[in-house]
Amino acid sequence: MIDPKLLRQDAHAVAKNLARRGYIFDAGAYFSLDEKRKAIQVETQRLQAERNANSKRVGEAKAKGKDIKSLLLLVKDLGDQLTTSENNLKIIQAKLREIELDLPNLLDDSVPDGQNESDNQLIREWGILPEIPFQALDHIELGKNLNMIDFEAASKISGSRFTVISGSLARMQRALIQFMLDTHVQEHGYQEMYVPYLVKADALIGTGNLPKFEEDLFRTSNENHFYLIPTAEVPVTNLAKDAIFEIEDLPKHFVAHTPCFRSEAGSYGQDTKGMIRQHQFEKVELVHFSDSHNSMSSLELLTNHAEVILQKLELPYRVVSLCAGDIGFGSTKTYDLEVWLPGQNKFREISSCSNYNDFQARRMKARYRDTNSGKTELIHTLNGSGVAAGRALIAVMENYQNEDGSIRIPKVLKNYMGGLDCIANHSQ
């Protein structure tokens, strides 16, 4: 959430920044509504003071044996007016909060201009695209030929956008997850977390998923109204909710492996085949808590940690800075890692690393104490995939495929695969 003080003091500058995203913020309407709030708030405070003063007069008059009937009527009338004024104030405050929760984050000045992914800025590339001397297959064909990916079985069980993975491919996805966790914990110093997969609405408001993206979430129908997490970012980031950290304890780096659940409501017709865009998938998530002065350097570090995974897997990739029109709702700056998929003959996103600045922390009331000043400031939160396990599996399958349809095992995964060198369909 954007600082309400900034909205009130310089709403037009906010509107100009948000316009880069293509978001139209009616600064005049917001300012007018806030002026109305101020007037009602002043009137509410006046009525409170007047009622309190007359209530005191009632007590004094009663003690002196005076007739207090008219004073009681006045106090009652003031109480009725106060109730009406307080209700009007609540309505105005709710309208302002609704506007504030709907506003995306302010963009960092370094975010490139642009309207869509074609305007994203290439930052760097790593690796050499593999020379495949035969017609490269995509993961769908490879999985079916190995008899280890079954979309039809998943459809019978759950419908579209689900997958059943079996045998050595299921083991390799597990190996990828274990390899990622070990790398981030042992080499990058992250604290591993196990977190709930069901969260309350308040947790999703804290990370910016609600109320904006309700249709993208799966909600339970029981009276508790839990939501299935769309990413581990939600429960892990909410570890900071209502907390005050000492600056000496920052930064904090967390890693968590969870399933993720998304309705993909806004992706109709996109990637309907295969495992690219699923309702349920596995992900290893990285989350940073930073002080306000070092979050941009923390973003570079987080992105580098995700890159290490792809480098160790020897998967060619590139890093792009998302343009203003393609960046996520809560992010002030985002780098996407796009891995090369020979079967599609294109780069596809495998990790998105974002700095939210204080956008989430303001919603969660997550702060740290500055030792020198003694004052508290909002922490900065960052997150990124380290990386998406399903897409990593796809990338390994397509980049390590052999002409006979078998899949070579990357060196870093062999110990996790019991020394296996290759995945093949032995039934053929």
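Preceding this paragraph is the structure being described.
Just so we're clear, the structure is a prediction, and the values are computed from it rather than from any experiment.

What counts and how
Residues numbered from 1 in each chain as written. Predicted model: local features only at pLDDT ≥ 70, side-chain atom pairs only at ≥ 80, totals over all residues. Heavy atoms only, no water. Core = buried A, V, L, I, M, F, W, Y, C linked by side-chain atoms within 4.5 Å. Buried < 20%, exposed > 50% of the residue type's maximum accessible area, 1.4 Å probe, protein only. Contact = heavy atoms within 4.5 Å. Helix = DSSP H or I, 4+ residues; strand = E, 2+ residues; numbered from the N terminus. Polar contact = N/O pair within 3.5 Å; in protein donor to acceptor, adjacent residues only side chain to side chain. Phe/Tyr/Trp six-rings, centres within 6.5 Å; stacked < 30°, edge-to-face > 60°. Arc of directions from axis to C-beta. Salt bridge = Lys/Arg side-chain N within 4 Å of Asp/Glu carboxyl O. Pairing = 2+ DSSP bridges. Axes fitted to C-alpha atoms, helices over the stretch in contact; angles between N-to-C directions.

Core analysis: the largest hydrophobic core is formed by 50 residues, its most contacted members being Leu169, Met172, Leu176 and Ile423. Ignoring anything within four residues of it in the chain, the contact list for Met172 reads Leu393, Val396, Ile407, Ile409, Leu413, Met417 and Ile423.

By the element assignment, Thr334 lies in strand 11 (residues 333-341). Since its relative accessible area comes to 2%, Thr334 is described here as buried. Reaching out from Thr334, the side chain makes a polar contact with the side chain of Ser331 at a distance of 2.6 Å. Each residue touching Thr334, except ones within four places of it in the same chain, is listed here: Val320, Ser321, Leu322, Ile327, Ser352, Cys353 and Ser354.

When we look at a pair of aromatic rings, we describe it by the centre distance and by the angle of the planes. All chains considered together, the criterion is met by nine aromatic pairs. Between the aromatic rings of Phe329 and Phe359, the centroid separation amounts to 5.7 Å while the plane-to-plane angle is 80 degrees, which identifies the pairing as edge-to-face. Remark: Phe359 occurs in helix 11 (residues 359-364) and Phe329 occurs in the loop between strand 10 (317-321) and strand 11; sequence separation between them is 30 residues. Judged by relative accessible area, Phe359 falls into the buried class, the value being 0%.

On to helix 6 (residues 151-158). For helix 6, the set of buried residues is Phe151, Ala153 and Ala154. All buried residues of helix 6 fall inside an arc of 160 degrees around its axis, so they share one side. Lining the buried residues of helix 6 we find helix 5 (139-146), strand 2 (149-150) and strand 3 (164-165). Here helix 6 starts with a cap whose side-chain oxygen sits 3.1 Å from the backbone nitrogen of Glu152, and that cap is Asp150.

What follows covers the pattern of salt bridges. Counted by the stated rule, this structure contains 18 salt bridges. Here Asp3 makes a salt bridge to Arg362, at a shortest N to O gap of 3.9 Å. Pair noted here: Asp3 is in the segment before helix 1 (4-9) and Arg362 is in helix 11, with a separation of 359 residues, a long-range link. We classify Arg362 as buried; its relative accessible area is 17%.

Read across the sheet, eight strands follow the order 1-10-11-12-15-9-8-4 without closing on themselves; strand pairing throughout is mixed. The open sheet has two free edges, formed respectively by strand 1 (121-126) and strand 4 (191-193), since each of these has just one partner strand. On average, each strand axis in the sheet is inclined to that of its neighbour by 25 degrees, with strand direction left out of account. For strand 9 (residues 280-290) and strand 15 (residues 380-388), the ladder comprises seven bridges, and the chain directions are antiparallel. In the sheet register, Phe289 faces strand 15, and the bridge partner there is Thr381. Along the sheet, helix 12 (residues 389-399) makes contact with strand 9, strand 11, strand 12 (346-355) and strand 15, crossing strand 15 at roughly 40 degrees.

On to the pairing of strand 15. By the criterion of burial, strand 15 is predominantly enclosed, with nine of the nine residues buried. The pairing of strand 12 with strand 15 spans three bridges and is antiparallel. Note that in strand 15 the partner of Asn355 across the bridge is Leu382.

Okay, the environment of His279 next. Looking at the secondary structure, you find His279 in the loop between strand 8 (252-261) and strand 9. Sequence-wise, His279 and Gly159 are 120 residues apart; in three dimensions their C-alpha atoms are separated by 9.9 Å. In this view, His279 contacts Ser160, Arg161, Phe162, Phe218, Cys260, Phe261, Arg262, Ser263 and Glu264; residues no more than four positions away in its chain are not counted. In terms of polar contacts, His279 uses its side chain to reach the backbone carbonyl oxygen of Ser263, at 3.4 Å.

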